[in-house]
Amino acid sequence: MREIVLDTETTGLDPLRGDRLVEIGCVEIYNRMPTGQTFHRYFNPERDMPAEAFAVHGLSSEFLSTKPLFAEEVEDFLAFIADAPLVIHNASFDVSFINSELDRIKRPPILRERLVDTLLLARRKHPGVSNRLDDLCSRYSIDNSRRTKHGALLDAELLAEVYIDLIGARQSQLVLASESRDTRAAGYGEMPRRQREIPLAPRITEADRDAHRDFVKTLGDKPIWNDFLPAA
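Let me begin by describing the structure that accompanies this report. From a predicted model like this one, the values you see are computed outputs, not experimental measurements. (Residues numbered from 1 in each chain as written. Predicted model: local features only at pLDDT ≥ 70, side-chain atom pairs only at ≥ 80, totals over all residues. Heavy atoms only, no water.)

## Describing the packing of aromatic side chains
- For the structure on display, the rule yields 6 aromatic pairs.
- With 5.8 Å between their ring centres and 50° between their planes, F39 and F77 make a pair best called tilted. Here F39 is found in strand β3 (residues 33–42), whereas its partner F77 is found in helix α3 (residues 70–81), with 38 residues between them in sequence. As far as burial versus exposure is concerned, F39 and F77 are alike and both buried.
- On the basis of an interplanar angle of 55° and a centroid distance of 5.1 Å, the ring pair of F93 and F97 is categorised as tilted. Taken together, the residues span about one helical turn, with F93 and F97 both in helix α4 (residues 91–104) at a distance of 4 residues.
- An aromatic cluster of three or more residues is present, and its members are F39, F43, F70, F77 and F80. (Phe/Tyr/Trp six-rings, centres within 6.5 Å; stacked < 30°, edge-to-face > 60°. Helix = DSSP H or I, 4+ residues; strand = E, 2+ residues; numbered from the N terminus. Buried < 20%, exposed > 50% of the residue type's maximum accessible area, 1.4 Å probe, protein only.)

## Notes on the environment of F63
- Examined against the element boundaries, F63 turns out to sit in helix α2 (residues 61–64).
- When its relative accessible area of 33% is taken as the criterion, F63 is described as partly exposed.
- Through-space distance from the C-alpha of F63 to that of N44 is 8.7 Å; in sequence the pair is 19 residues apart.

## Some details on the pattern of salt bridges
- Per the stated rule, a full pass over the model turns up 15 salt bridges.
- With a closest N to O distance of 4.0 Å, R104 and E101 form a salt bridge. In this pair, R104 and E101 are both assigned in helix α4, 3 residues apart and thus about one turn of the helix distant.
- The partly exposed category is assigned to R104, whose relative accessible area is 43%.
- Taking the relative accessible area as the measure of exposure, E101 reaches 3% and is therefore buried.
- Of the charged contacts in the structure, one is a salt bridge between R132 and D135, with a shortest N-O distance of 3.0 Å.
- Relative accessible area serves as the criterion here: at 53%, R132 is assigned to the exposed category.
- A relative accessible area of 18% places D135 in the buried class.
- Among the ionic contacts, a cluster of salt bridges with common partners joins R20, E46, E101 and R104. (Salt bridge = Lys/Arg side-chain N within 4 Å of Asp/Glu carboxyl O.)

Put into structure tokens, the structure is as follows:
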């Protein structure tokens with residue numbers, strides 16, 4: 001099953017009072033495993049950045065003034081999330097801002113039925129304690145040392161790790177691996193390796209391949225590695 005872990009940064013707390021979306025970060029997971037596919041954009045909010053919000057995420061008005069408007073990136077965003085469930089910490093906050101931006105450009109809202117709120121999941125599993133993202137990272141021994149400020153993509157990456165632990169998916173994987181090791185130790189066969197159902201996208205682009213071919217052409221007709229080829 002494909003799911004999208006999502007986080008946002010904003011100019012404040014209430015889109016109904018003029019606060020705007022300034023950053024979206026999304027991480028794709030498939031069958032509880034990150035695929036390596038992400039979506040990340042900054043947006044020009046067309047307004048100032050309050051000092052309180054700047055202290056949280058460090059995104060200044062000057063920095064954001066050169067970024068595209070949400071309307072200019074909305075097609076890529078909607079194409080990335082498609083119809084997948086959206087995993088969000090305190091989902092009503094983030095989705096209220098996204099839906100406010102969608103409403104500005106007369107696009108349909110994201111429906112609540114597709115939301116998975118990890119804050120509600122955490123409160124059910126760990127009642128009576130703080131369940132902020134930092135607290136959950138600490139609880140599940142997830143390294144969040146890079147999180148000196150809030151950032152949508154980094155927070156989505158951390159939340160993806162938290163979500164896998166929160167729903168017990170990592171524990172079930174470890175149990176399976178443990179059982180497989182026991183089977184191999186007893187001499188009944190090799191330990192099966194979990195394979196990604198959707199391979200990671202290749203990091204080498206066609207432009208990289210073209211550049212390599214052009215480089216090889218500069219080496220002439222007798223490159224040194226021909227000396228090590230077997231005789232024809």
